[in-house]
Amino acid sequence: DTAVSQTPKYLVTQMGNDKSIKCEQNLGHDTMYWYKQDSKKFLKIMFSYNNKELIINETVPNRFSPKSPDKAHLNLHINSLELGDSAVYFCASSQETGFSTEAFFGQGTRLTVV
Amino acid sequence: GENVEQHPSTLSVQEGDSAVIKCTYSDSASNYFPWYKQELGKRPQLIIDIRSNVGEKKDQRIAVTLNKTAKHFSLHITETQPEDSAVYFCAANRRDTDKLIFGTGTRLQVFP
């Protein structure tokens, strides 16, 4: 009964291709995120959505386009993939409860661009 | 913009010793400070968190302290065990922005 699930777990693709990563959460959270973790393990926020609305869009190339069809889903589409896009992408969700704003992460998608 | 600095980047300790990881945040409006543990090949998971109205919180062998004036917060692990070996991330959040900003991570190795 996975709380935050993302697919695929691994993705190997050639430069120039377009790919999507899907994320779903069954926790009823209002907020969802995409993070990029590079080879040095830095976790950088890319996007944040609250109730299907884009809240945060960090300085991410516009080749990256998030889409939230409903508040349980936040997908990431990447156009014209480049070598530097290789990383692990984590989806997460959170809900402010007054006591905690714990973010729950998906298992990650390891993207390799060759 | 918001920034969270974390030190050290790597930390090696002997089993049974204590480990301390420190973070500094830039946004004085931050009010929530979680710590995450990420084991090799796995997702980050929350281990402890603290709100800005509390100075210290403890959960068994781990504790977190917060100094709002200096904008510092620290993770303390006592009686370390080999299974504590992982990458630890601090983070800071403002309740009104839905923006959880992570530190750069600390790779902790506990040697038996």
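Please refer to the structure higher up on the page.
The shown structure was predicted, so the numbers you read here are calculated from the model rather than taken from an experiment. (Residues numbered from 1 in each chain as written. Chains lettered and ligands numbered in written order. Predicted model: local features only at pLDDT ≥ 70, side-chain atom pairs only at ≥ 80, totals over all residues. Heavy atoms only, no water.)

Caption draft 1: Molecular detail of the pairing of strand β7 (residues 62-67) of chain B. Residues and elements named next belong to chain B. Taken together, the four bridges between strand β6 (residues 56-59) and β7 define a ladder with antiparallel strand orientation. In the sheet register, K57 faces β7, and the bridge partner there is V64. The hairpin turn running from β6 into β7, its antiparallel successor, is two residues long, and Q60 in that turn takes a positive phi close to 55°. Here β7 runs beside strand β8 (residues 72-77); their pairing, made up of six bridges, is antiparallel. Note that in β8 the partner of N67 across the bridge is H72. (Pairing = 2+ DSSP bridges. Helix = DSSP H or I, 4+ residues; strand = E, 2+ residues; numbered from the N terminus.)

Caption draft 2: Structural view of the interface of chain A and chain B. If you look at the interface, chain A gives 25 residues, while chain B gives 20 residues. Approximately 1900 Å² of surface area, both sides summed, lies buried where chain A meets chain B, with 53% of it carried by carbon and sulfur atoms. Looking at the side of chain A facing chain B, the largest losses of area belong to K41, L43 and F105 of chain A, adding up to 26% of the total buried there. Between chain A and chain B we count four residue pairs in polar contact (both at pLDDT 80 or more) in total. (Contact = heavy atoms within 4.5 Å. Buried area = accessible area lost by both parts, 1.4 Å probe. Polar contact = N/O pair within 3.5 Å; in protein donor to acceptor, adjacent residues only side chain to side chain.)

Caption draft 3: Representation of the nonpolar core. One finds Y35 and F105 of chain A together with W35, F73, F102 and L108 of chain B to be the most contacted residues of the largest nonpolar core, which totals 40 residues. Tallying contributions element by element places strand β9 (residues 86-94) of chain B first for this core, with seven residues. Discounting residues that sit within four places of it in the chain, F73 of chain B has contacts with I21, K22, C23, Y25, F33, W35, T65, L66, C90 and A91 of chain B. In terms of nonpolar packing, the next biggest core, distinct from the first, is built from 20 residues, I21, M46, L81 and V113 of chain A among them. (Core = buried A, V, L, I, M, F, W, Y, C linked by side-chain atoms within 4.5 Å. Buried < 20%, exposed > 50% of the residue type's maximum accessible area, 1.4 Å probe, protein only.)

Caption draft 4: Fine view of empty space enclosed by the protein. Residue and element names in this part refer to chain B. Within this structure, the stated rule accounts for one cavity of 30 Å³ or more. Approximately 70 Å³ is the volume found for the largest cavity. E2, D27, S30, A92 and I101 are, among the 13 residues lining the largest cavity, the residues nearest its centre. Where the lining of the largest cavity is concerned, the elements lending two or more residues are β9 and β10 (99-102). (1 Å grid on protein atoms, 1.4 Å probe; cavity = no way out; pocket = protein on both sides within 12 Å on 5 of 7 lines; lining within 4 Å. Points joined across faces, edges and corners; volume = space filled by probe spheres on them.)

Caption draft 5: Structural detail: the sheet that holds strand β8 (residues 73-78) of chain A. Residue and element names in this part refer to chain A. Strands sit in the order β1-β3-β8-β7 across an open sheet of four strands; the sheet is antiparallel. Each end of this open sheet is capped by a strand with a single partner; those strands are β1 (4-7) and β7 (64-70). The sheet shows a mean angle of 20° between the axes of neighbouring strands, taken without regard to direction. Bridge count between β1 and strand β3 (residues 19-25): four bridges; the pairing is antiparallel. From the neighbouring strand, V4 faces β3, where its bridge partner is Q25. (Axes fitted to C-alpha atoms, helices over the stretch in contact; angles between N-to-C directions.)

Caption draft 6: Representation of the pairing of strand β11 (residues 106-111) of chain B in the model. Residues and elements named next belong to chain B. Along β11, the buried face is formed by T106, L108 and V110; none of R107, Q109 and F111, which line the opposite face, is buried. Pairing geometry for strand β2 (residues 10-14) and β11, over five bridges, is parallel. Bridge assignment links Q14 to a residue of β11, and that residue is F111. In terms of strand pairing, β9 meets β11 through three bridges, oriented antiparallel. Across the sheet, Y88 pairs through a bridge with T106, a residue of β11.

Caption draft 7: Spatial organisation of the sheet that holds strand β3 (residues 19-25) of chain B. All names here are of chain B. Taken in spatial order, the five strands of this open sheet run β1-β3-β8-β7-β6, and their pairing is antiparallel. What marks the edges here is a single partner per strand, and that holds for β1 (4-7) and β6. Here the average twist between neighbouring strands, direction ignored, is 15°.

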